[in-house]
Amino acid sequence: MFYANITGWGKCLPPARLTNHDISQVVDTSDDWITTRTGIRERRISHVSTDMLASTAAMNALDCAGLDAKDIDLVLLATCSPSTLVANTASQVQQTIGAKNAAACDVNAACSGFLYALQNATAQIRTGMIKRAVVIGAERMTWYVNWQRRDSAVLFGDGAGAVVLEASDEPSGLLATKTGCDSEDRDILHIRNFGTNVDKYNAPVGPSDILFEGREVFKRAVNGMTGACDDVLAQAQLKLEDINVLIPHQANLRIIQAIQSKLKLPDDAVMVNIENYGNTSAATIPIALCEALEQGLIKPKANIMSAAFGAGLTWAASYIKWGSRVTPIIQPSHQLTPSDKSGLELITNASKHCI
Ligand code: ACO
């Protein structure tokens, strides 16, 4: 049985920033409300579609691993904001990065999508079906936002992160995982006016909109992620004090703090970057993983716990044993084509079309 070592990591954050002050010019909100309730100070607005964010993160991850895209067997893209549904977005990524020998598939488990995809690709490597995979979390969540609704407009952002997995004899990579879905409550977090359940034959279709029962989602996220972490610790036969770094989904700073307090982890063991990017759904964990490495939070052989919660209601927790290398073989240099527009300029037109 092989292991699936993580040998590359990369990210892509679009350049345009949208601060809390900017949003307060579009809807009735304030920097004070947003930072106090969510911990978010700004988010990125993408001027390109999800596949470009994903491809750029993937190319950085491949350089980090020192691999040629042609050596990749699988491109797995976790997203709930695809550039195109048919053809799938992963096929565009496969073409852009030049991974012409790879299978290409999208995975949708909303904010839990990256951990679901990591589990899937790891299983394929561990059973010997494939040798190398790129797993990406990429989202353009602001495409769905109704900029007239302050409750959702302040929460989301765009971005991508990716990892490269390679078959290895070294016991490393994803070693224990638990995924699940509480579907009876799937309606408390959803996007409306998108999908074939919209009755376009009898009524005009309105703009898309992210709807959620914030307080309910909050409670379930804390309980779901903490419970999944406990399950994974038991599966891996580890204790909490064995965990060096927690990389949680970044939906709300208060959710992260509640999980940290339940798991009794010190501040320097928890990766937090929500203040800069907001909730980028499936992309939060791979972006946070990259930044934890950049900041030196992850040391060789570190024990990493990651947990996510999202629409479905999906949830996941994963124990990752890091390998020996914590620096890229080739430094990341891939960037998006530049844009001269600010975040506020990018959303201004979109906000006029919302009702
Ligand atoms: N600016 C100012 N006031 C606001 C804003 C805003 N952006 N949004 C809501 N309010 C007002 C409400 O209208 C309400 O006013 P009222 O008391 O006069 O009725 C008041 O603030 C409190 O609203 P709540 O929704 O009860 O605020 P809460 O403290 O629960 O915070 C939040 C809302 C941040 C969404 C929180 O519930 C949360 O983080 N939930 C979990 C995360 C989540 O749902 N994320 C979206 C889904 S994606 C995912 O995380 C998996």
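Chemist: Quick question: what am I supposed to make of the nonpolar core here?
Modeler: Grouped burial of nonpolar side chains is what soluble globular proteins tend to show. Grouped together as the largest cluster of nonpolar side chains are 37 residues, with contacts concentrated most on V163, L165, I247, I298 and W322. Look past the residues within four positions of I298 in its chain and what remains in contact with it is V245, I247, L289, A292, L293, I304, W322 and V326.

Chemist: Got a minute to help me understand the environment of E241 in this structure?
Modeler: Relative to the elements of secondary structure, E241 occurs in the loop between α7 (214-236) and β11 (245-248). For E241, a relative accessible area of 63% puts it in the exposed group. Separated by 24 residues in the primary sequence, E241 and L265 place their C-alpha atoms 8.0 Å from one another.

Chemist: Can you walk me through helix α8 (residues 253-263) in this structure?
Modeler: Taken as a whole, α8 has its buried residues at I255, I256, I259, Q260 and L263. Projected down its long axis, α8 shows its buried positions confined to an angular sector of 135°, all on one face. On its buried side, α8 packs onto α7 and β11. For α8, the N-terminal capping position is held by N252, with its side-chain oxygen 2.7 Å away from the main-chain nitrogen of R254. Remark: K264 follows α8 within two positions and exhibits a positive phi of approximately 55°.

Chemist: Just checking my understanding: could you explain the site of the ligand for this structure?
Modeler: Looking at the ligand, there are 24 residues lining it, with T29, R37, G214, R215 and N252 nearest. One of the side-chain nitrogen or oxygen atoms of R37 is found 2.7 Å away from an oxygen atom of the ligand. R215 has a polar side-chain atom sitting 2.8 Å from an oxygen atom of the ligand. Starting from 1,000 Å² of accessible surface for the ligand in isolation, the protein chains cover 74%.

Scoring rules and cut-offs
- Residues numbered from 1 in each chain as written.
- Predicted model: local features only at pLDDT ≥ 70, side-chain atom pairs only at ≥ 80, totals over all residues.
- Heavy atoms only, no water.
- Core = buried A, V, L, I, M, F, W, Y, C linked by side-chain atoms within 4.5 Å.
- Buried < 20%, exposed > 50% of the residue type's maximum accessible area, 1.4 Å probe, protein only.
- Contact = heavy atoms within 4.5 Å.
- Helix = DSSP H or I, 4+ residues; strand = E, 2+ residues; numbered from the N terminus.
- Arc of directions from axis to C-beta.
- Polar contact = N/O pair within 3.5 Å; in protein donor to acceptor, adjacent residues only side chain to side chain.
- Near = heavy atom within 4 Å.
- Areas by Shrake-Rupley, 256 points an atom, 1.4 Å probe, with all protein chains shown as cover.

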